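# Structural features, examined
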Amino acid sequence: VTSNETSLVARCRRVYAHAHDYHINSISNNSDGETFISADDLRINLWNLEISNQSFNIVDVKPANMEDLTEVITSAEFHPTHCNMLAYSSSKGSIRLIDLRQSALCDSHAILFEEQEAPGSRSFFTEIIASISDIKFAKDGRHILSRDYMTLKLWDINMDSGPVATFQVHEYLRPKLCDLYENDSIFDKFECCLSGDGLRVATGSYSNLFRVFGCAPGSTEATTLEASKNPMRRQVQTPSRPSRSLSSITRVVRRAGSDVPGVDTNGNSFDFTTKLLHLAWHPTENSIACAAANSLYMYYA
(Lines give C-alpha, C1' and ligand atoms only; values in the text may rest on other atoms or scores of the structure.)
Protein backbone atom coordinates (compact mmCIF):
# COMPACT_ATOMS: atom_id res chain seq x y z
CA VAL A 1 0.00 0.00 0.00
CA THR A 2 1.42 3.37 -0.93
CA SER A 3 0.00 6.66 0.22
CA ASN A 4 0.09 9.54 -2.20
CA GLU A 5 -0.27 13.17 -1.35
CA THR A 6 -3.45 14.75 -2.61
CA SER A 7 -2.55 17.21 -5.34
CA LEU A 8 -5.01 19.98 -6.03
CA VAL A 9 -5.25 21.54 -9.46
CA ALA A 10 -7.02 24.82 -10.12
CA ARG A 11 -9.25 24.69 -13.18
CA CYS A 12 -10.68 27.75 -14.89
CA ARG A 13 -14.45 27.33 -15.11
CA ARG A 14 -15.45 30.64 -16.61
CA VAL A 15 -13.87 33.79 -18.02
CA TYR A 16 -15.66 37.11 -17.63
CA ALA A 17 -14.16 39.10 -20.48
CA HIS A 18 -14.27 42.42 -22.32
CA ALA A 19 -15.80 44.63 -19.64
CA HIS A 20 -12.78 46.66 -18.49
CA ASP A 21 -10.47 49.04 -20.31
CA TYR A 22 -8.12 49.42 -17.33
CA HIS A 23 -6.49 47.18 -14.74
CA ILE A 24 -9.03 45.51 -12.43
CA ASN A 25 -8.20 46.51 -8.84
CA SER A 26 -11.02 44.74 -6.93
CA ILE A 27 -13.34 41.78 -7.17
CA SER A 28 -15.96 41.18 -4.49
CA ASN A 29 -18.57 38.46 -4.16
CA ASN A 30 -22.05 39.42 -3.08
CA SER A 31 -23.76 37.83 -0.07
CA ASP A 32 -26.67 36.78 -2.34
CA GLY A 33 -24.38 34.10 -3.83
CA GLU A 34 -25.42 35.05 -7.36
CA THR A 35 -23.56 38.23 -8.27
CA PHE A 36 -20.18 39.90 -7.89
CA ILE A 37 -18.55 43.20 -8.77
CA SER A 38 -15.31 44.00 -10.55
CA ALA A 39 -13.78 47.47 -10.39
CA ASP A 40 -11.14 49.28 -12.42
CA ASP A 41 -9.93 52.88 -12.26
CA LEU A 42 -13.10 54.34 -13.78
CA ARG A 43 -15.89 51.77 -13.62
CA ILE A 44 -17.55 49.21 -11.36
CA ASN A 45 -19.39 46.40 -13.12
CA LEU A 46 -21.98 44.05 -11.64
CA TRP A 47 -21.90 40.46 -12.94
CA ASN A 48 -24.08 37.42 -12.54
CA LEU A 49 -21.91 34.39 -11.78
CA GLU A 50 -23.76 32.36 -14.40
CA ILE A 51 -23.49 34.94 -17.21
CA SER A 52 -19.96 35.59 -18.40
CA ASN A 53 -20.58 37.52 -21.60
CA GLN A 54 -22.33 40.58 -20.20
CA SER A 55 -22.22 42.78 -17.12
CA PHE A 56 -24.07 45.84 -15.85
CA ASN A 57 -22.11 49.04 -15.31
CA ILE A 58 -23.25 50.49 -11.96
CA VAL A 59 -20.59 53.17 -11.38
CA ASP A 60 -18.84 55.21 -14.06
CA VAL A 61 -16.62 58.13 -13.04
CA LYS A 62 -15.17 58.66 -16.52
CA PRO A 63 -15.59 62.33 -17.52
CA ALA A 64 -16.61 63.32 -21.05
CA ASN A 65 -13.13 64.77 -21.49
CA MET A 66 -10.35 62.68 -19.94
CA GLU A 67 -8.40 65.87 -19.19
CA ASP A 68 -11.07 66.67 -16.57
CA LEU A 69 -10.32 63.46 -14.65
CA THR A 70 -9.56 64.32 -11.01
CA GLU A 71 -10.00 61.01 -9.16
CA VAL A 72 -10.07 57.29 -9.84
CA ILE A 73 -11.59 54.27 -8.10
CA THR A 74 -9.01 52.41 -6.03
CA SER A 75 -10.94 49.63 -4.27
CA ALA A 76 -14.50 48.29 -3.99
CA GLU A 77 -16.26 45.75 -1.79
CA PHE A 78 -19.77 44.43 -1.20
CA HIS A 79 -21.34 44.67 2.25
CA PRO A 80 -20.94 41.27 4.00
CA THR A 81 -24.66 40.76 4.70
CA HIS A 82 -26.74 43.38 2.84
CA CYS A 83 -26.70 42.36 -0.83
CA ASN A 84 -27.86 45.82 -1.92
CA MET A 85 -24.94 47.77 -0.43
CA LEU A 86 -21.37 48.24 -1.51
CA ALA A 87 -18.57 50.71 -0.85
CA TYR A 88 -15.78 52.02 -3.02
CA SER A 89 -12.78 54.23 -2.29
CA SER A 90 -11.08 56.85 -4.40
CA SER A 91 -7.66 58.36 -4.99
CA LYS A 92 -8.88 61.54 -3.28
CA GLY A 93 -9.25 59.78 0.06
CA SER A 94 -13.02 59.40 0.12
CA ILE A 95 -15.18 56.30 0.61
CA ARG A 96 -18.64 56.18 -0.94
CA LEU A 97 -21.36 53.86 0.27
CA ILE A 98 -23.86 52.90 -2.43
CA ASP A 99 -27.37 51.47 -2.09
CA LEU A 100 -28.46 49.56 -5.20
CA ARG A 101 -32.11 50.00 -4.17
CA GLN A 102 -31.92 53.77 -4.71
CA SER A 103 -30.97 53.59 -8.37
CA ALA A 104 -29.56 51.09 -10.85
CA LEU A 105 -26.93 53.62 -11.94
CA CYS A 106 -25.10 54.55 -8.76
CA ASP A 107 -23.57 57.86 -9.78
CA SER A 108 -24.88 59.41 -6.56
CA HIS A 109 -23.74 57.85 -3.30
CA ALA A 110 -25.83 57.16 -0.20
CA ILE A 111 -23.13 58.21 2.30
CA LEU A 112 -19.74 59.85 1.80
CA PHE A 113 -16.90 59.25 4.27
CA GLU A 114 -13.90 61.57 4.16
CA GLU A 115 -11.70 63.21 6.73
CA GLN A 116 -11.35 66.97 6.55
CA GLU A 117 -7.72 68.04 6.43
CA ALA A 118 -6.42 70.56 8.91
CA PRO A 119 -6.27 74.06 7.38
CA GLY A 120 -2.79 75.13 6.39
CA SER A 121 -1.44 71.59 6.29
CA ARG A 122 -1.58 71.17 2.51
CA SER A 123 1.59 70.27 0.66
CA PHE A 124 2.55 68.81 -2.71
CA PHE A 125 2.13 65.30 -1.23
CA THR A 126 -1.19 65.85 0.56
CA GLU A 127 -3.35 64.40 -2.21
CA ILE A 128 -0.97 61.54 -3.04
CA ILE A 129 -0.80 60.20 0.52
CA ALA A 130 -4.56 60.70 1.00
CA SER A 131 -5.31 58.16 -1.74
CA ILE A 132 -6.96 55.07 -0.24
CA SER A 133 -5.30 51.87 -1.43
CA ASP A 134 -7.71 49.35 0.12
CA ILE A 135 -10.99 49.12 2.01
CA LYS A 136 -12.51 46.17 3.87
CA PHE A 137 -15.85 45.73 5.61
CA ALA A 138 -15.81 44.25 9.10
CA LYS A 139 -17.64 40.94 9.37
CA ASP A 140 -20.55 42.63 11.19
CA GLY A 141 -20.95 45.10 8.31
CA ARG A 142 -20.97 48.01 10.74
CA HIS A 143 -17.38 49.18 10.20
CA ILE A 144 -15.15 49.84 7.21
CA LEU A 145 -11.36 49.71 7.46
CA SER A 146 -9.41 51.86 5.01
CA ARG A 147 -5.69 52.13 4.31
CA ASP A 148 -4.00 55.20 2.89
CA TYR A 149 -0.24 55.67 2.62
CA MET A 150 0.28 56.93 6.17
CA THR A 151 -2.53 55.45 8.23
CA LEU A 152 -5.20 52.85 8.83
CA LYS A 153 -8.63 54.30 9.56
CA LEU A 154 -11.69 52.59 11.01
CA TRP A 155 -15.05 54.06 10.01
CA ASP A 156 -18.51 53.48 11.47
CA ILE A 157 -21.00 53.44 8.58
CA ASN A 158 -23.53 55.25 10.79
CA MET A 159 -21.13 58.13 11.38
CA ASP A 160 -19.85 60.10 8.39
CA SER A 161 -18.24 62.95 10.37
CA GLY A 162 -14.87 61.18 10.61
CA PRO A 163 -13.17 57.87 11.43
CA VAL A 164 -13.75 56.32 14.86
CA ALA A 165 -10.07 55.32 15.09
CA THR A 166 -6.86 56.21 13.26
CA PHE A 167 -3.72 54.06 13.49
CA GLN A 168 -0.39 55.57 12.43
CA VAL A 169 1.57 53.20 10.21
CA HIS A 170 4.05 55.35 8.29
CA GLU A 171 4.19 58.58 10.27
CA TYR A 172 7.96 58.16 10.66
CA LEU A 173 8.25 58.43 6.84
CA ARG A 174 6.82 61.97 6.71
CA PRO A 175 10.27 63.63 6.47
CA LYS A 176 11.14 61.16 3.68
CA LEU A 177 8.23 61.93 1.31
CA CYS A 178 10.50 63.55 -1.32
CA ASP A 179 12.69 60.43 -1.51
CA LEU A 180 9.63 58.19 -1.59
CA TYR A 181 8.23 60.23 -4.46
CA GLU A 182 11.49 60.03 -6.41
CA ASN A 183 11.68 56.24 -6.20
CA ASP A 184 7.89 55.83 -6.71
CA SER A 185 7.46 54.13 -3.32
CA ILE A 186 4.84 56.75 -2.39
CA PHE A 187 2.50 55.06 -4.90
CA ASP A 188 2.76 51.61 -3.25
CA LYS A 189 -0.67 50.14 -2.59
CA PHE A 190 -0.78 48.44 0.81
CA GLU A 191 -3.76 46.25 1.68
CA CYS A 192 -5.47 45.98 5.05
CA CYS A 193 -7.54 43.35 6.85
CA LEU A 194 -9.66 42.81 9.97
CA SER A 195 -9.87 39.79 12.24
CA GLY A 196 -13.07 37.76 12.15
CA ASP A 197 -14.08 38.99 15.62
CA GLY A 198 -13.41 42.60 14.57
CA LEU A 199 -11.09 43.23 17.54
CA ARG A 200 -7.86 43.67 15.54
CA VAL A 201 -6.72 45.21 12.29
CA ALA A 202 -3.54 44.58 10.30
CA THR A 203 -1.63 46.08 7.40
CA GLY A 204 1.80 45.79 5.78
CA SER A 205 4.80 48.10 5.67
CA TYR A 206 8.37 48.20 4.37
CA SER A 207 11.23 45.82 5.31
CA ASN A 208 8.62 43.00 5.06
CA LEU A 209 7.07 44.16 8.33
CA PHE A 210 3.38 44.18 9.14
CA ARG A 211 1.53 45.92 11.95
CA VAL A 212 -1.32 44.56 14.06
CA PHE A 213 -3.42 46.99 16.11
CA GLY A 214 -6.16 46.34 18.64
CA CYS A 215 -9.26 48.33 17.71
CA ALA A 216 -11.53 47.44 20.64
CA PRO A 217 -12.46 50.53 22.71
CA GLY A 218 -9.60 51.35 25.06
CA SER A 219 -7.15 48.96 23.43
CA THR A 220 -3.54 50.12 23.10
CA GLU A 221 -2.29 46.95 21.40
CA ALA A 222 0.25 47.64 18.64
CA THR A 223 2.57 44.87 17.46
CA THR A 224 5.08 44.79 14.61
CA LEU A 225 6.03 41.45 13.06
CA GLU A 226 8.43 40.57 10.28
CA ALA A 227 7.48 38.23 7.45
CA SER A 228 10.60 36.12 6.96
CA LYS A 229 11.84 32.56 7.49
CA ASN A 230 13.25 33.46 10.91
CA PRO A 231 11.01 36.28 12.07
CA MET A 232 11.96 38.72 14.77
CA ARG A 233 8.98 39.71 16.84
CA ARG A 234 9.61 43.41 17.39
CA GLN A 235 7.59 44.68 20.29
CA VAL A 236 7.15 48.43 20.20
CA GLN A 237 6.60 50.30 23.45
CA THR A 238 2.89 50.35 24.22
CA PRO A 239 1.67 53.71 22.94
CA SER A 240 -0.49 55.87 25.12
CA ARG A 241 -3.10 55.76 22.36
CA PRO A 242 -3.23 53.81 19.12
CA SER A 243 -2.64 56.85 16.94
CA ARG A 244 0.86 57.59 18.20
CA SER A 245 3.60 57.37 15.61
CA LEU A 246 5.68 54.25 16.07
CA SER A 247 9.04 55.32 14.74
CA SER A 248 11.16 53.26 17.09
CA ILE A 249 11.30 50.22 14.85
CA THR A 250 14.70 49.60 13.30
CA ARG A 251 14.60 49.17 9.56
CA VAL A 252 17.10 48.77 6.76
CA VAL A 253 16.48 50.96 3.80
CA ARG A 254 18.20 51.08 0.49
CA ARG A 255 17.63 53.95 -1.85
CA ALA A 256 16.80 52.81 -5.38
CA GLY A 257 20.06 51.98 -7.10
CA SER A 258 22.24 52.26 -4.03
CA ASP A 259 23.13 49.64 -1.46
CA VAL A 260 23.78 52.13 1.31
CA PRO A 261 21.07 51.91 3.98
CA GLY A 262 19.38 55.26 4.54
CA VAL A 263 19.27 56.36 8.16
CA ASP A 264 17.05 59.10 9.52
CA THR A 265 17.67 61.53 12.39
CA ASN A 266 16.48 59.00 14.98
CA GLY A 267 18.92 56.39 13.74
CA ASN A 268 16.13 54.34 12.15
CA SER A 269 16.89 52.77 8.81
CA PHE A 270 14.42 51.70 6.12
CA ASP A 271 14.33 49.30 3.19
CA PHE A 272 11.95 50.42 0.45
CA THR A 273 12.85 47.48 -1.79
CA THR A 274 11.07 44.92 0.39
CA LYS A 275 7.43 45.62 1.15
CA LEU A 276 4.49 43.61 2.35
CA LEU A 277 1.55 44.72 0.22
CA HIS A 278 -0.83 41.76 0.43
CA LEU A 279 -2.22 40.13 3.56
CA ALA A 280 -5.44 38.42 4.62
CA TRP A 281 -6.92 37.38 7.97
CA HIS A 282 -8.62 33.99 8.33
CA PRO A 283 -12.40 34.53 8.61
CA THR A 284 -12.73 32.63 11.90
CA GLU A 285 -9.26 31.71 13.22
CA ASN A 286 -6.52 33.97 14.52
CA SER A 287 -4.17 33.46 11.58
CA ILE A 288 -2.83 35.85 8.96
CA ALA A 289 -1.47 35.04 5.50
CA CYS A 290 1.12 37.51 4.15
CA ALA A 291 2.69 37.66 0.70
CA ALA A 292 6.22 39.09 0.76
CA ALA A 293 8.05 39.02 -2.58
CA ASN A 294 7.41 35.49 -3.94
CA SER A 295 6.84 33.79 -0.56
CA LEU A 296 3.64 33.20 1.36
CA TYR A 297 3.93 33.30 5.16
CA MET A 298 1.28 32.09 7.58
CA TYR A 299 1.21 33.47 11.11
CA TYR A 300 -0.91 31.95 13.86
CA ALA A 301 -1.52 33.57 17.26
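Basis of the calculations
- Residues numbered from 1 in each chain as written.
- Predicted model: local features only at pLDDT ≥ 70, side-chain atom pairs only at ≥ 80, totals over all residues.
- Heavy atoms only, no water.
- Phe/Tyr/Trp six-rings, centres within 6.5 Å; stacked < 30°, edge-to-face > 60°.
- Helix = DSSP H or I, 4+ residues; strand = E, 2+ residues; numbered from the N terminus.
- Buried < 20%, exposed > 50% of the residue type's maximum accessible area, 1.4 Å probe, protein only.
- Salt bridge = Lys/Arg side-chain N within 4 Å of Asp/Glu carboxyl O.
- Polar contact = N/O pair within 3.5 Å; in protein donor to acceptor, adjacent residues only side chain to side chain.
- Pairing = 2+ DSSP bridges.
- Axes fitted to C-alpha atoms, helices over the stretch in contact; angles between N-to-C directions.
- Contact = heavy atoms within 4.5 Å.

### Quick look at the packing of aromatic side chains
Inspection of every chain in the model, using the stated rule, returns 13 aromatic pairs. Seen from their ring centres, tyrosine 16 and phenylalanine 36 are 4.9 Å apart, and the 75° between their planes marks the pair as edge-to-face. A residue pair is termed long-range when its members are at least 10 positions apart, and tyrosine 16 in the segment before β1 (26-29) and phenylalanine 36 in strand β2 (residues 35-39) qualify at 20 residues. Residue classification places phenylalanine 36 among the buried residues on the basis of a relative accessible area of 7%. Three or more aromatic residues joined by ring pairs make a cluster, and in this case those are Phe124, Phe125, Tyr181 and Phe187.

### With respect to the pattern of salt bridges
Per the counting criterion, the structure on display carries 12 salt bridges. Between aspartate 99 and arginine 101 there is a salt bridge, and its shortest N-O distance comes to 3.0 Å. Here lysine 153 and glutamate 115 are joined by a salt bridge, their closest N and O atoms 3.4 Å apart. With lysine 153 in strand β11 (residues 151-156) and glutamate 115 in the loop between β8 (111-113) and α1 (126-130), the pair connects residues that are 38 residues apart, well separated along the chain. Of the residues examined, lysine 153 reaches a relative accessible area of 12% and is grouped as buried.

### As for the side chain of asparagine 84
Relative to the helices and strands, asparagine 84 resides in the loop between β5 (73-78) and β6 (85-90). The class for asparagine 84 is buried, based on a relative accessible area of 13%. Polar contacts involving the side chain of asparagine 84 include one to the side chain of aspartate 99, which spans 2.8 Å.

### Considering the sheet that holds β5
The 4 strands are arranged β5-β6-β7-β8 in an open sheet whose pairing can be described as antiparallel. Sheet topology places β5 and β8 at the edges, where each strand pairs with a single neighbour. Ignoring strand direction, the axes of neighbouring strands in this sheet form an average angle of 20°. With 5 bridges joining them, β5 and β6 adopt antiparallel strand pairing. Across the sheet, the residue bridging to serine 75 is serine 89, located in β6.

### Describing the environment of arginine 14
Within the element layout of this structure, arginine 14 appears in the segment before β1. Taking relative accessible area as the criterion, arginine 14 reaches 33% and is therefore assigned partly exposed. Arginine 14 sits 38 residues away from serine 52 along the chain, and the two C-alpha atoms are 6.9 Å apart. Not counting chain neighbours up to four residues away, the residues in contact with arginine 14 comprise Leu49, Glu50 and Ser52. Within the structure, arginine 14 has its side chain in polar contact with the backbone oxygen of leucine 49 (distance 2.6 Å).

### Concerning unusual backbone geometry
Phi is positive for histidine 18, which is not a glycine, with a value near 60°. Counting through the fold element by element, histidine 18 comes out in the segment before β1. Although it is not a glycine, asparagine 208 sits at a positive phi angle of roughly 55°. Structurally, asparagine 208 can be placed in the loop between β14 (200-204) and β15 (209-214). A relative accessible area of 15% places asparagine 208 in the buried class.

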